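Listed here are the chains, written in short residue letters.
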Amino acid sequence: MTALLKTSLGDTPLLGRGKVRDLYAVDGNLLLVATDRISAFDHVLGTGIPGKGKILTQISLFWFEMLSDLVPNHLITADVSQFPAALQPYADQLEGRAMLCRQAAMFPVECVARGYLAGSGWKEYQAGGTVCGIPLPAGLQDGSRLPETLFTPATKSQDGAHDENISFATTTDLLGEKDATELRRLTLAIYQKAAQHAEARGLILADTKFEFGRTGEGIILADEVLTPDSSRFWEAAGWKPGGAQPSFDKQFVRDYLEGIHWNKQAPAPALPEDVVERTQAKYLEAFRRLTGRDLSL
C-alpha cells in the first residue's frame, strides 16, 4: 500500500493544501480530502503514512454522528457515489478519505478543551502556575488531571505555523460576548461527551481542539474532530502523572526525528519503514478502540 501524498482532481478548483488536507471548491460546497501526509515540528515530512487520511476521516465521521445531538456539523456526505459526476473519475483518490461539506464563515479561533495538564499548558504552568492565564493549584505534574476542564482558545500566529494561546477576555474581544460564550459552552459539552466515551473504551482524552463556523442556520462544527491529529488520547491503564504519557498519535515520528537530531529545518527527512508501520498501527488502534470496529485500508 502506497501513501497518497497529493491529490489531483482535474479541473476541480483547488483552494489550498494544508499539512494534511487538500481543499477543493465543488458546486458552492467544499471538498475536504485527507491525504496521508504527516507533519512534525511544523514541517510536512517527505514520507507519508499509508491510509492515515482514511483513518482520520473515518474517526471524524464517527464523532460527527455521535455528537449530532449537541451541535450540527458541516458534513453533506462522505459517500463518494453521491459526489457530483465530475468527481467520479477520481473515486480511487477520494474513497474513504473525502468529505463533501457545507461552506461556513469560520471563527478565527481554535477552541481547545483541556482536561489534563500537557504540552504547552504544562510549560506555562511550570513557568507561572497558570494555563492560558487561568490560575491552577500548586503541585500539579505533567499529565495531572485538572480540577475542572478548561476552555483555552488559541489563534494562529502570523506565519501560520504555531498556535498562540489567548484568554477568554481576548476571545470575547475578537468574537463578541455572545459567540465567545457559546463556543465555550459547545467546546466543553463536546469534550465531556467525548471524554466519557473514550473512558468507556479505556482511553483518556487529555485535550482536544475544535473549529467552528457559522452558516445561515447558526453555528456548526467543522474540519476534523477528535482525531489523533487534533487530540491527545492516552492509555487509561498506563496513566501516571509525572512525565509525558504515551499517546495515540505521531509520537513514534517525533521520537525518531529527535533521535537523529534533526535541526527542524527544511527539508524534512524521510522516515524508515518501521517508524511508518508503527505509526500506522497506532492510528488504526485508535480507530478500533474509539469505534469498536476494524478498518480495512
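This text goes with the structure placed above it.
Our subject in this report is the structure included herewith.

The rules behind the values
- Residues numbered from 1 in each chain as written.
- Predicted model: local features only at pLDDT ≥ 70, side-chain atom pairs only at ≥ 80, totals over all residues.
- Heavy atoms only, no water.
- Helix = DSSP H or I, 4+ residues; strand = E, 2+ residues; numbered from the N terminus.
- Rg over C-alpha atoms; globule rule 2.2 N^0.38 Å.
- Buried < 20%, exposed > 50% of the residue type's maximum accessible area, 1.4 Å probe, protein only.
- Contact = heavy atoms within 4.5 Å.
- Areas by Shrake-Rupley, 256 points an atom, 1.4 Å probe, with all protein chains shown as cover.
- Lys, Arg positive; Asp, Glu negative; His and termini not counted.
- Charge placed at Lys NZ, Arg CZ, Asp CG, Glu CD.
- Axes fitted to C-alpha atoms, helices over the stretch in contact; angles between N-to-C directions.
- Parallel < 35°, antiparallel > 145°, perpendicular 65-115°, else oblique.
- Nonpolar A, V, L, I, M, F, W, Y, C, P; charged D, E, K, R; others polar.
- Pairing = 2+ DSSP bridges.
- Core = buried A, V, L, I, M, F, W, Y, C linked by side-chain atoms within 4.5 Å.
- Salt bridge = Lys/Arg side-chain N within 4 Å of Asp/Glu carboxyl O.

## Here we look at the overall build of the protein
Then, in step 1: Of the regular secondary structure elements, the protein holds seven helices and 17 strands.
Then, in step 2: Since a compact globule built from 297 residues should have a radius of gyration of about 19 Å, the 19 Å found for the protein is in line with a globular shape.
Then, in step 3: Each principal axis of the C-alpha distribution contributes one length, and for the protein these read about 60 × 50 × 40 Å.
Then, in step 4: Relative to its full complement of 297 residues, the protein shows a buried share of 48%.
Then, in step 5: Of the contacts made within the protein by residues no fewer than 6 positions apart, 65% connect residues no fewer than 24 positions apart.
Then, in step 6: For the protein, the accessible surface area stands at approximately 13,800 Å², while carbon and sulfur atoms represent 50% of it.
Then, in step 7: A gap of 2 Å separates the mean positions of the 30 positive and 37 negative side-chain charges of the protein.

## Considering the packing of helix α6 (residues 251-259) against helix α7 (residues 273-291)
What describes two packed helices is the angle between their axes and the distance between those same axes.
Then, in step 1: Viewed as axis vectors pointing N to C, α6 and α7 meet at an angle of 150°, and their least axial separation amounts to 8 Å. In this view, α6 runs roughly antiparallel relative to α7, as classed from their interaxial angle. Seen from α6, the contacting residues are Phe 252, Val 253 and Tyr 256; seen from α7, they are Val 275, Arg 278, Thr 279 and Lys 282.
Then, in step 2: A class-by-class count of the residues in the contact of α6 with α7 yields four nonpolar, one polar and two charged.

## Remarks on the sheet that holds strand β7 (residues 98-101)
Pairing between the strands of a sheet comes from backbone hydrogen bonds, and it takes one of two forms, parallel or antiparallel.
Then, in step 1: If you trace the five strands from one edge of the open sheet to the other, you get β1-β2-β3-β7-β6, paired in antiparallel fashion. Looking at strand neighbours, the two that pair on one side only are β1 (14-17) and β6 (75-77), the edges of this open sheet. Across the sheet, the mean angle from the axis of one strand to that of its neighbour is 30°, orientation sign disregarded.
Then, in step 2: Sheet topology places β6 next to β7; two bridges connect them, and they run antiparallel. The partner of Thr 77 across the bridge, within β7, is Leu 100.
Then, in step 3: Against the sheet, helix α1 (residues 52-66) engages β2 (21-26), β3 (29-34), β6 and β7, with an angle of about 45° to β7.

## A short note on the nonpolar core
Then, in step 1: In terms of nonpolar packing, the biggest core is built from 58 residues, with Trp 63, Phe 212, Leu 221, Leu 226 and Leu 271 touching the most fellow members.
Then, in step 2: In this view, Phe 212 contacts Val 71, Met 106, Phe 107, Cys 111, Leu 183, Leu 186, Thr 187, Ile 190, Ile 219, Ile 220 and Leu 221; residues no more than four positions away in its chain are not counted.
Then, in step 3: Counting residues in hydrophobic clusters, the runner-up holds eleven residues, among them Leu 9, Tyr 24, Val 33 and Leu 94.

## A closer look at the pattern of salt bridges
Then, in step 1: Inspection of the entire model under this criterion finds 17 salt bridges.
Then, in step 2: Two residues, Arg 289 and Glu 235, come together in a salt bridge whose shortest N-O distance is 2.8 Å. In this pair, Arg 289 sits in helix α7 while Glu 235 sits in strand β17 (residues 231-235), placing the two residues 54 residues apart along the sequence.
Then, in step 3: Arg 289 sits in the buried class, given a relative accessible area of 15%.
Then, in step 4: Glu 235 sits in the partly exposed class, given a relative accessible area of 28%.
Then, in step 5: Of the charged contacts in the structure, one is a salt bridge between Arg 289 and Glu 285, with a shortest N-O distance of 3.5 Å. With Arg 289 and Glu 285 both in helix α7 and four residues apart, the pair spans about one turn of that helix.
Then, in step 6: Under the relative-accessibility criterion, Glu 285 is labelled partly exposed at 23%.
Then, in step 7: Three or more residues joined by partner-sharing salt bridges are found here, namely Glu 235, Lys 282, Glu 285 and Arg 289.

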